[in-house]
Amino acid sequence: MHKASTIREDGLYHSFCGLVSVGWLYQKIKDSFFLILGTHTCAHLLQNTLGVMIFARPRFAVSLLEEADLSSSQPDISAQIEEIKREHHPSVIFLLSSCTPEVMKVEFEGLAASVSTPEVPVLFVPASGLDYTFSQSEDSVLQALIPFCPPAPPEDKRVVFLGSVNDAIADDFSLEAARLGIPVAGFLPASHFHELPPIGPGTVVAPLQPYLHKTATQLRNERGCTVLSSLFPFGPDGTRRFWEDLAAQFGMKVDLSDREAAAWERIKRHTDLLRGKKIFFASDTLMELPLARFLKACGAEVVECSTPYINRRFHAAELAALDGVRLVEQANFHRQLRTIAETKPDLIISNIITTNPLVGQGVVAKWGTEYCFLPIHGWAGVNALVTSFTRALERHAKLDPLGSDPIWLTGMMPSSPGVISLQS
Amino acid sequence: MRLAYWMYEGTAHHGVGRIANSMRNVHAVFHAPQGDDYVNAIFAMLDRTPNFPAMTTSVVSGTDLARGTIRLPETLKQVEERVHPDLIVVVASCSTILLQENLEIAAQHAGLQCEVMVYDANPYRMQEIVAAESLFTDLVKRFAKPQPRTERPTVNILGPASLGFHARHDLISLRRMLKTLGIEVNVVAPWGATIADLRRLPAAWLTIAPYRELGLRAATYLEEQFGVPALLDAPIGVQPTLRWIERLRELLAQAGANIPMPPLTAFSLDGMSAPSAVPWMARTADMDSFSGKPAFVFGDATHVVGITRFLRDELGMPIAGAGTYVKHQANWVREQLAGYVDDLLVTDEFQTVAARIAELRPELVCGTQMERHTSRRYDLNCMVISPPTHIENHLLAYRPFLGFDGADVIADEVYTTCTLGMEKHLIDLFGDAGLDLPEKVKAPSTPEPAPAAIAIESPKPADEPVVAVAATPAAPAPVAPPAASPAPATPVDPVWAADAEAMLKKVPFFVRGRVRGNVEKYARQRGHAVITAQVLLAAKEELGA
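Quantities reported herein were computed from a predicted structural model and do not represent experimental measurements.

## Thoughts on the overall build of chain A
Looking only at helices and strands, chain A has 16 helices and 14 strands in total. For a compact globule of 424 residues, the expected C-alpha radius of gyration is about 22 Å, and chain A comes in at 22 Å, within 12% of that figure. Scored against the burial criterion, the 424 residues of chain A give a buried share of 65%. Within chain A, residue pairs in contact and separated by at least 24 positions form 73% of the contacts whose partners lie at least 6 positions apart. In the form shown here, chain A has an accessible surface area of approximately 14,800 Å², with 53% of it arising from carbon and sulfur atoms. If you average the places of the 37 positive and of the 46 negative side-chain charges in chain A, the two averages end up 7 Å apart.

## A closer look at helix H10 (residues 238–254) of chain B
Residue and element names in this part refer to chain B. Here H10 spans 24 Å end to end across 17 residues, near enough to the 24 Å set by a 1.5 Å rise per residue. Buried residues in H10 make contact with helix H7 (167–181), strand S8 (206–208), strand S9 (230–231), helix H11 (278–283), helix H12 (301–315) and helix H16 (403–417). Just downstream of H10 lies Gly 256, where phi reads positive at about 100 degrees.

## Points about the environment of Leu 70 of chain A
Here Leu 70 of chain A is to be found in the loop between strand S3 (60–64) and helix H3 (78–88). Sequence-wise, Leu 70 of chain A and Gly 418 of chain A are 348 residues apart; in three dimensions their C-alpha atoms are separated by 45 Å. For Leu 70 of chain A, the contacting residues outside a window of four places in its chain are Thr 100 and Met 104 of chain A together with Leu 98 and Tyr 124 of chain B.

## Quick word on the domain arrangement of chain A
What the domain assignment lists for chain A is domain 1 (18–132), domain 2 (159–257) and domain 3 (264–409). Its C-alpha centre places domain 1 of chain A at a distance of 33 Å from the equivalent point of domain 3 of chain A.

## Observations concerning the interface of chain B and chain A
Facing the 87 residues of chain B at the interface are 89 residues of chain A. When chain B packs against chain A, the two sides together hide about 8,000 Å² of surface, and 64% of this comes from carbon and sulfur. By the criterion of area lost to chain A, the three top residues of chain B are Met 1, Pro 50 and Phe 52 of chain B, representing 11% of everything that side buries. Here chain B is connected to chain A by two salt bridges. Notably, a salt bridge pairs Glu 66 of chain A with Arg 2 of chain B, separated by 3.8 Å at the nearest N-O pair. Where chain B touches chain A, the interface holds 27 residue pairs in polar contact (both at pLDDT 80 or more). Put simply, the parts of the chain that give the side of chain B that touches chain A at least two residues each are strand S1 (2–4), helix H1 (12–22), helix H2 (38–46), strand S3 (55–59), helix H3 (62–67), helix H4 (72–83), helix H15 (369–378) and helix H18 (452–457) of chain B.

## As for the sheet that holds S3 of chain A
If you trace the five strands from one edge of the open sheet to the other, you get S5(A)-S4(A)-S2(A)-S3(A)-S1(B), paired in mixed fashion. Only two strands of the sheet have a single neighbouring strand rather than two, namely strand S5 (122–125) of chain A together with S1 of chain B. For this sheet the average axis-to-axis angle between neighbouring strands, irrespective of direction, equals 30 degrees. Where strand S2 (residues 32–38) of chain A lies against strand S4 (residues 92–96) of chain A, five bridges are found, and the strand directions are parallel. Note that in S4 of chain A the partner of Phe 33 of chain A across the bridge is Ile 93 of chain A.

## Overview of the environment of Pro 126 of chain A
All names here are of chain A. Mapping Pro 126 onto the fold places it in the loop between S5 and helix H6 (136–145). Once the C-alpha coordinates of Pro 126 and Ser 140 are considered, the two residues, 14 residues apart in sequence, prove to be 6.0 Å apart. For Pro 126, the contacting residues outside a window of four places in its chain are Ser 97, Tyr 132, Ser 137 and Ser 140.

## Remarks on the packing of aromatic side chains
Inspection of the entire model under this criterion finds 28 aromatic pairs over all chains. Centroid distance Phe 16 of chain A to Phe 134 of chain A: 5.9 Å. Interplanar angle 80 degrees. Geometry classified as edge-to-face. Here Phe 16 of chain A, found in the loop between strand S1 (6–8) and helix H1 (22–28), pairs with Phe 134 of chain A, found in the loop between S5 and H6; they are 118 residues apart in sequence, far enough to count as distant. Judged by its relative accessible area of 1%, Phe 16 of chain A falls in the buried class. By relative accessible area, Phe 134 of chain A is classed as buried at 0%. In textbook terms, an aromatic cluster arises when at least three aromatic residues are bridged by ring pairs, as seen for Phe 161, Phe 173, Phe 187, Phe 242 and Trp 243 of chain A. Here the basic side chain of Arg 149 of chain B rests over the ring of Trp 205 of chain B, its NZ or CZ set 3.5 Å away from the ring centre.

## Quick notes on the domain arrangement of chain B
Interface size is commonly expressed as the accessible area that is lost once the parts come together. All names here are of chain B. One can read the domain layout of chain B as domain 1 (12–127), domain 2 (144–267), domain 3 (278–418) and domain 4 (428–467 + 489–543). One C-alpha centre belongs to domain 1, the other to domain 3; they are set 36 Å apart. Buried surface at the junction of domain 1 and domain 3, summed over both partners, amounts to about 390 Å²; 52% is from carbon and sulfur atoms. Counting the contacts that link domain 1 with domain 3 gives zero salt bridges. Between the two partners, domain 1 and domain 3, sit one residue pair in polar contact (both at pLDDT 80 or more).

## Regarding the pairing of strand S7 (residues 184–189) of chain B
Residue and element names in this part refer to chain B. Examined bridge by bridge, strand S6 (residues 154–158) and S7 share four bridges and lie parallel to one another. Opposite Thr 154, over in S7, you have Glu 184 as the bridge partner. Handedness of the crossover joining S6 and S7 through H7 is recorded here as right-handed.

## Things to note about the sheet that holds S3 of chain B
Residue and element names in this part refer to chain B. Read from one edge of the open sheet, four strands run S3-S2-S4-S5, paired in parallel fashion. Both outer strands of the open sheet, S3 and strand S5 (115–118), are each paired with one neighbouring strand and no more. Pairs of neighbouring strands in the sheet enclose a mean axial angle of 25 degrees, with direction left out of account. Strands strand S2 (26–32), S3 and strand S4 (87–92) of the sheet are contacted by H1, whose axis makes an angle of about 160 degrees with S2. In this fold H4 packs onto S2, S3 and S4, with an angle of close to 155 degrees to the strand it touches most, S2.

## A look at the packing of H10 of chain B against H16 of chain B
Describing two packed helices takes the angle between their axes plus the distance from one axis to the other. All names here are of chain B. Between H10 and H16, the least distance of the axes is 9 Å, while the angle of their chain directions is 170 degrees. Taken together, the axes of H10 and H16 lie roughly antiparallel to each other. Counting all contacts with H10, which are made through Val 238, Thr 241, Leu 242 and Ile 245, the residues of H16 involved are Gly 403, Phe 404 and Ala 407. Within the contact of H10 with H16, the residues separate by chemical class into five nonpolar, two polar and no charged.

## Some remarks on the side chain of Gln 209 of chain A
Residues and elements named next belong to chain A. Residue position: Gln 209 is located in the loop between strand S8 (204–207) and helix H8 (213–223). In this structure the side chain of Gln 209 is engaged in a polar contact, spanning 3.2 Å, whose partner is the backbone oxygen of Ser 164. What Gln 209 contacts, discounting residues up to four positions off in sequence, is Leu 162, Gly 163, Ser 164, Val 165, Phe 232, Phe 234, Met 287, Phe 314 and His 377.

Reading the values: the criteria
Within every chain, residues take consecutive numbers counted from 1 along the sequence as written. A letter from A marks each chain and a number from 1 marks each ligand, given out in the order of writing. Side-chain atom pairs in this predicted model are given and counted only at pLDDT of 80 or more, local residue features only at pLDDT of at least 70, and totals for whole chains, interfaces and linings cover all residues. Think of the side-chain values as coming from all heavy atoms in the structure, minus any hydrogens and water. Elements are defined by DSSP. Helices are runs of H or I of four residues or more, strands are runs of E of two residues or more, and each kind is numbered from the N terminus. Computation of the radius of gyration draws on C-alpha atoms alone. For the globule rule, the value is 2.2 Å times the number of residues to the power 0.38. Relative accessibility decides the category of a residue: with a 1.4 Å probe and only protein chains considered, values under 20% of the type maximum give buried, values over 50% give exposed, and everything between is partly exposed. Two residues qualify as a contact provided that any one of their heavy atoms is within 4.5 Å of a heavy atom in the partner residue. Surface accessibility follows the Shrake-Rupley procedure with a 1.4 Å probe radius. Residue values consider only the protein chains on display as shielding. For the charge count, each Lys or Arg is scored as positive and each Asp or Glu as negative, with His and the chain ends excluded. Charged groups are reduced to one reference atom each: NZ for lysine, CZ for arginine, CG for aspartic acid, CD for glutamic acid. Helices are assigned an expected span. That span is 1.5 Å times one less than the residue count. Boundary definitions for the domains trace back to an automatic or database domain assignment. Here the buried area means the combined drop in accessible surface, using a 1.4 Å probe, for two parts upon being joined, counting both sides. Salt bridges are defined by distance alone: a side-chain nitrogen of Lys or Arg within 4 Å of a carboxyl oxygen of Asp or Glu. In protein, a polar contact means a hydrogen-donor-capable atom and an acceptor-capable atom, both N or O and within 3.5 Å, with residues adjacent in sequence counting only if both atoms are side-chain atoms; elsewhere, any N or O pair within 3.5 Å suffices. Strand pairing follows a simple DSSP-based rule, namely that at least 2 bridges must link the two strands. To get an axis, a line is fitted to the C-alpha atoms, and for a helix only the part in contact is used. The angle between two axes follows their N-to-C directions and goes from 0 to 180 degrees. Aromatic rings from Phe, Tyr and Trp, taking only the six-membered ring of Trp, are treated as a pair when their centres fall within 6.5 Å; an angle between ring planes under 30 degrees marks them as stacked, one over 60 as edge-to-face, and anything in between as tilted. Either the NZ atom of lysine or the CZ atom of arginine qualifies as a charge over a ring when it sits within 6 Å of the ring centre and within 35 degrees of the ring normal. Handedness of a crossover is defined as follows: with both strands directed away from the viewer, a clockwise route from the first strand across the helix to the second makes it right-handed. In this scheme, roughly parallel covers angles under 35 degrees and roughly antiparallel covers those over 145, while 65 to 115 is roughly perpendicular and the rest are oblique. Amino acid classes used here: Ala, Val, Leu, Ile, Met, Phe, Trp, Tyr, Cys and Pro are nonpolar; Asp, Glu, Lys and Arg are charged; the rest, including Gly, are polar.

In structure tokens form, the structure reads like this:
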């Protein structure tokens with residue numbers, strides 16, 4: 001496999017911690033509860049990043065460490081666990097770590113075990129911002145679920161799709177597999193705790209999300225299953241490779257070239273717009289590699305693809321397809337701004353923290369964060385995927401250029417009341 | 001330890017960020033794990049900042065801890081190189097403060113040209129409000145210098161800050177009134193102020209600090225240290241605004257400036273009308289029904305006091321109760337609301353406030369974003385009068401809470417939030433007033449929002465987006481999921497007999513939830529386990545509805 005050259009910087013970029021993945025996981029696993037052992041900071045983070053302000057009865061909460069709790073190295077959370085069971089009746093409780101108890105050296109495995117029962121297991125999920133970024137803790141949640149996937153006998157040769165996708169996407173993948181004659185054992189995670197798929201030596205694990213390498217590796221090591229190594233199923237190119245490689249695992253040679261061509265044809269208006277456009281990835285979701293690969297296939301010029309981490313084995317096929325693209329791990333934000341000023345990209349995919357300010361500097365930028373929960377997988381997701389990139393470009397092109405005059409930014413921000421520009 | 005869902009106040013480092021992002025050429029650096037950077041998103045999203053918020057996280061990772069490395073000096077150098085600040089405020093986070101590192105020494109290692117201040121904000125002892133107020137006071141103490149007064153009478157305005165509740169609008173309202181009085185502004189801080197502006201604070205003749213949460217201590221310091229008198233009242237409502245102007249003129253007169261009072265019409269937007277329509281509106285027959293609409297008010301100290309008094313004194317509404325989450329201002333609030341509220345609720349636990357609202361079932365709830373949740377759950381009218389806010393509270397149009405203009409804004413909000421008088425008579429007389437719709441089918445159990453991925457693309461209005469990104473005007477204002485049943489305020493919940501249920505169905509749908517709640521409350525009080533038609537009739541008679 002080709003070894004793409006990557007640059008590694010100091011990691012001084014804007015992002016969130018692993019707790020944020022609770023936002024989609026608690027909705028995916030409908031009978032779950034997510035309990036964070038943390039501080040006021042964790043609660044304020046969840047409140048402000050999860051759009052919480054609109055949920056009246058969330059199935060996540062913080063077991064709040066206050067000053068008096070700091071002296072005890074093993075806090076007692078049994079009262080909160082009982083409160084959760086009483087109020088929410090979950091089938092499973094995930095106990096997430098955070099920075100403060102990590103610094104306090106709380107022994108989480110033991111803490112979870114002390115409140116876990118066979119009826120309502122309490123599972124430890126490492127998610128602290130000291131070690132995990134944004135989407136990575138989904139990997140931790142899925143690892144915690146592995147012991148609850150029943151073992152499958154070696155002759156059970158079926159696929160398990162790996163990664164949380166909504167029910168509509170899951171249906172798409174089940175139907176597509178049936179159409180190709182690929183037997184499906186299920187999804188990890190499933191929508192309910194007791195619906196986890198059986199996994200054994202005959203299982204082919206097909207990752208749908210690019211941030212799940214720990215779970216994939218553990219399944220390979222513990223259950224002896226095969227992990228599909230292919231492109232991730234985003235865009236006509238990725239989807240075709242994904243299904244062809246998956247079918248090959250079941251001894252079938254499938255040619256989806258017509259299907260791919262038809263999919264490209266359907267989005268021609270959009271790829272025409274993207275062709276030759278300079279795109280800069282400054283986001284932090286770990287979805288950057290497959291997204292950049294798709295844009296490259298659309299004919300765009302990816303001037304930089306920054307991403308928190310690259311796993312050479314798990315991302316091997318994507319890295320090969322990204323040959324020639326400047327790849328940066330653990331980017332430095334100040335350096336990115338200088339590169340953006342030099343290369344003048346047409347579109348920047350960034351964290352929600354930096355998107356509005358980047359637009360304020362006169363470039364077109366869009367949220368990268370939403371790729372974690374946009375339905376962009378498989379054939380059905382192609383249109384949502386491509387329009388996610390062209391929508392901002394087309395909308396900005398439609399707006400009256402008069403509004404781009406920096407005068408309209410004057411006084412919008414007390415710390416920057418005057419006119420500003422990227423070069424200043 | 002306790003189970004926490006929502007927090008009223010942000011963290012200490014958020015308070016520090018609010019001061020840094022209010023001032024020009026001041027930058028906050030958080031010595032913190034990556035996740036603590038989320039506070040940046042609040043500014044970029046809610047304030048829609050066209051520049052990067054003035055704060056940077058100097059990332060602390062697990063690897064750094066294992067190796068004993070500290071990246072703070074390098075981060076400080078990078079920040080100085082990019083934004084050239086006059087001052088950098090360094091603050092630890094809830095996790096890094098436990099490491100007991102010497103950040104002073106680490107900061108000195110950076111060898112910066114600009115001033116660096118390591119601010120000791122213990123996140124276990126202070127939250128957003130105290131952290132912001134203490135930092136701002138420290139900055140004023142550090143930079144304000146003795147100097148002669150300005151030649152003409154001028155005033156400072158202290159308190160408006162980034163992410164402050166309607167702060168920009170309040171500032172416009174204050175400036176408009178000062179302009180009408182012919183008084184110039186010396187310095188506004190922290191909003192838009194530089195360090196040099198802080199130095200000039202003692203040159204003013206008077207300091208205006210309307211908020212109990214921010215600016216109060218700095219104003220008091222300027223009075224004690226430099227003899228600049230302080231006007232600490234909040235002009236919320238018409239009468240308080242008149243008294244505020246009077247007090248302003250008195251204090252300036254004592255300082256030797258005679259400020260003539262212009263005709264009141266000079267304060268209006270067109271310069272020739274009454275400056276507020278509230279006194280007349282409150283006297284119209286339309287408003288008589290408001291004497292039967294009890295209100296519950298909860299929020300920060302400034303707004304709870306101002307709004308409670310406004311509702312009773314200027315609109316003639318009864319006060320069902322009030323409370324605040326700003327515990328260190330509770331005594332002041334209690335004192336200010338003596339005669340208005342008997343048992344002030346002081347708590348920062350949203351479940352406690354929700355329980356009080358469920359018990360009172362007021363006609364109007366004035367609260368924060370959390371009370372909006374609670375009100376949706378119990379089908380009550382709610383308006384937001386205090387932070388924490390949602391992006392829906394960050395509107396573009398001029399909507400001050402202070403001054404004459406503010407009185408009109410608040411009165412409009414009260415009027416449009418409540419169920420109206422004539423409408424209510426028609427409902428009472430004809431049942432549905434021709435407005436009824438088939439009863440909505442309620443979900444059998446606690447409804448959960450659809451998976452996020454669906455929520456984004458689906459046109460269904462009940463789907464709720466997951467991440468804050470989605471809570472922007474791009475997404476339609478989400479409809480709260482209908483609560484399956486209100487959480488019981490007491491252990492026993494009465495059940496509805498079929499005959500009573502049938503009668504309830506004849507109540508118009510948009511007040512049905514409230515009637516249901518009121519009757520259940522009545523039944524609980526009377527110890528009825530079953531609500532029969534007889535109980536319902538008795539309740540109607542008792543409650544007059």
